[in-house]
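Descriptive analysis of the structure
Spelled out, the chains give:
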Amino acid sequence: MIIRTRLAAGVCTLLAALTAGLAFPAGAAAGEPTGQDAPKVDLVLDVSGSMRARDIDGQSRMAAAKQAFNEVLDATPEEVELGIRTLGADYPGDDRKTGCKDTAQLYPVGPLDRTEAKTAVATLTPTGWTPIGPALLKAAGDLDGGDGSKRIVLISDGEDTCAPLDPCEVAREIAAKGIGLTIDTLGLVPTAKLSRQLSCIAEATGGTYTSVEHQDELTDRVNQLVDRAADPVVTPVATEGADRCAGAPTLKSGLYTDREEFGQQRFYRVDVRPGQELRASVSVAADRAVNPGYGVLMRAVTSKGREIVRGEAAGNGRTDVISTGLRYPKAESDDEDAPAEAVCLAVSHSFSAASDVKATPGLPLELTVDVVDAPSQAGDVAAFGLGRGWWLLGVLILTGFLAGLVWGWLSRWRVAVWRTN
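Residues numbered from 1 in each chain as written. Predicted model: local features only at pLDDT ≥ 70, side-chain atom pairs only at ≥ 80, totals over all residues. Heavy atoms only, no water.

Notes on the sheet that holds strand 14 (residues 341–349)
Basically, it comes down to this: Should DSSP find at least two bridges between two strands, the strands are regarded as paired. Counting from the N terminus, the helices are the DSSP runs of H or I reaching at least four residues and the strands are the DSSP runs of E reaching at least two. Note on definitions: angles span 0 to 180 degrees between N-to-C directions of axes, and those axes are lines fitted to C-alpha atoms, for helices only across the stretch in contact.
Strand order in this open sheet of four strands is 9-14-11-12, and the pairing throughout is antiparallel. Two strands lie at the open edges of the sheet, namely strand 9 (265–272) and strand 12 (307–315), each paired on one side alone. Within the sheet, the average angular offset between the axes of one strand and its neighbour, ignoring direction, is 15 degrees. Pairing between strand 11 (residues 294–301) and strand 14: six bridges, direction antiparallel. Of the residues in strand 14, the one forming a bridge with R299 is A346.

In structure tokens:
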């Protein structure tokens, strides 16, 4: 169990800088947005029989969804390619096998024809089952290809009825492919069980879950998510760490994603030249039920295994994501042709789970790597330990020394006076 947090100020500064994108060089780096492909959104709507319920502002859930979709289609940014997929819209029977295949593309993902899309939505009638898992698999296929942002917005009023194909496991499998796809979920008048399921689906891909009980809430939230798809994003590059430093993949500055199973340790190699500084951070997310009390550890080690610096953090179950980071400045060299040093980043975590919780795919981790020119000022607190704090430490030591001398002199004087009297 990781029980200490070190270099707190440096790590916070590092993470803030990396998040703001201030540290990346101007050249292309892994994970940078290229802007070559249009953002894509697939709206996945539950059209099962339960959507007939009239409990959203005096109208049926289906009517509220249709009205919300019409307003969303009007407000969709021109640059967004949007599609609509349904689940439970076509098969009204009782055959479970057939009902669990009931998902269809109502409007293909692509440039939006608002009139055509609205006409398609108007034909929907609450019908059948709730095959969320199969619908998510198909929706991921709808968004296949391209390097623009990809987002699924799932709207449902009931939990999946097609187990054992667990939709939460489906979402984890989608995330494990490293295709940069985010799933956001909205629950219409949700039960506690539905909220848990939709939350799990969203968390597996870094998305959000929202509970909805009014039509205007549904419209506003879907509009926000579609607009968010149009914002420039950095998509992590999928990589696969090794179980030892020697076989680790070499990473350049950028944002990466990987999976790490319980009890594993992953290694990644970064080349650092004299006069450069390595800055790295890692976040590990618990996308399934885990035991409370856990931590994450990142170490920078030499190719021979000697530890250079480390960063670590601990959690107690109140958060599903835990992060840490480190910085390593390599000293300048008089030799202009001095070779780069191979530094290995070793990442491990102490998450644990009950025996019935699946170990695969591993927990998602996101790794940020940046190699920049090392700071020339020793006052850079984050890079050089205490930095200006050495002055404060020196003052405290001197003060303590002088106080000890004065206290000792006073004690000797009081003893001398006591003996005289």
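Now that the structure has been shown, we can carry on.
Quick word on the pairing of strand 14
The following threshold applies: Accessible area is worked out with a 1.4 Å probe on protein chains only. A residue is then buried under 20% of its type maximum, exposed over 50%, and partly exposed in between.
Most of strand 14 is tucked away, with nine of its nine residues classed as buried. Burial along strand 14 is two-sided: the face carrying E341, V343, L345, V347 and H349 and the face carrying A342, C344, A346 and S348 are both buried.

Topic: a negative patch on the surface
To be explicit about the condition: Patch membership requires over 30% relative accessible area and the absence of a salt bridge. Like charges are linked within 9 Å, and nonpolar side chains (Val, Leu, Ile, Met, Phe, Trp, Tyr) within 5 Å. To measure how exposed things are, a 1.4 Å probe is used in the Shrake-Rupley method; for residues, cover is taken only from the protein chains shown. Any carboxyl oxygen of Asp or Glu within 4 Å of a side-chain nitrogen of Lys or Arg constitutes a salt bridge here. Charge counting follows a simple rule: Lys and Arg are positive, Asp and Glu are negative, and His as well as the terminal groups are ignored. Where a charge sits is defined by one atom per residue type, namely NZ (Lys), CZ (Arg), CG (Asp) or CD (Glu).
Taken together, the side chains of D57, E71, E213, D216, E217 and D220 make up a negatively charged region of the molecular surface. Of all the elements, helix 8 (residues 215–230) adds the most residues to the negative patch, at three residues. Within the secondary structure, D57 is located in the loop between strand 1 (40–46) and helix 2 (61–75).

Here we look at the sheet that holds strand 15 (residues 363–373)
If you walk across this open sheet you meet the five strands as 7-8-15-10-13, and the pairing is mixed. Of all strands in the sheet, those with a lone pairing partner are strand 7 (237–238) and strand 13 (321–329), marking the two edges. Sheet topology note: the strand 8 (residues 254–260)/strand 15 ladder contains seven bridges and is antiparallel. Residue pairing across strands places Y256 opposite L367, the latter belonging to strand 15.

Some remarks on unusual backbone geometry
Of all residues except glycine, most have a negative phi; of all peptide bonds, most are trans. Between A163 and P164 the backbone carries a cis peptide bond, its omega angle lying at 20 degrees. With respect to the helices and strands, the residue P164 is situated in the loop between strand 4 (150–156) and helix 6 (167–176). With phi around 55 degrees, D57 is a residue other than glycine that occupies positive phi space. Overall, the relative accessible area of 46% leaves D57 in the partly exposed class. For V189, which is not glycine, the phi torsion reads 45 degrees and is therefore positive. The class of V189 is partly exposed, set by a relative accessible area of 25%.

Some details on the pairing of strand 5 (residues 181–188)
What counts here: The crossover handedness rule: strands pointing away from the viewer, path from first strand over the helix to second strand clockwise, crossover right-handed.
In terms of burial, strand 5 is largely enclosed, as eight of its eight residues are buried. Burial along strand 5 is two-sided: L181, I183, T185 and G187 facing one way and T182, D184, L186 and L188 facing the other are all buried. Two elements, strand 4 and strand 5, share seven bridges in a ladder whose sense is parallel. If you follow K150 over to strand 5, its bridge partner there is L181. For the crossover that starts at strand 4, traverses helix 6 and ends in the parallel strand 5, the hand is right-handed. When strand 5 meets strand 6 (residues 209–212), the two strands line up parallel, connected through four bridges. Bridge pairing links G187 to S211 in strand 6. At this point the chain moves from strand 5, through helix 7 (residues 192–204), to the parallel strand 6, and the crossover so formed is right-handed.

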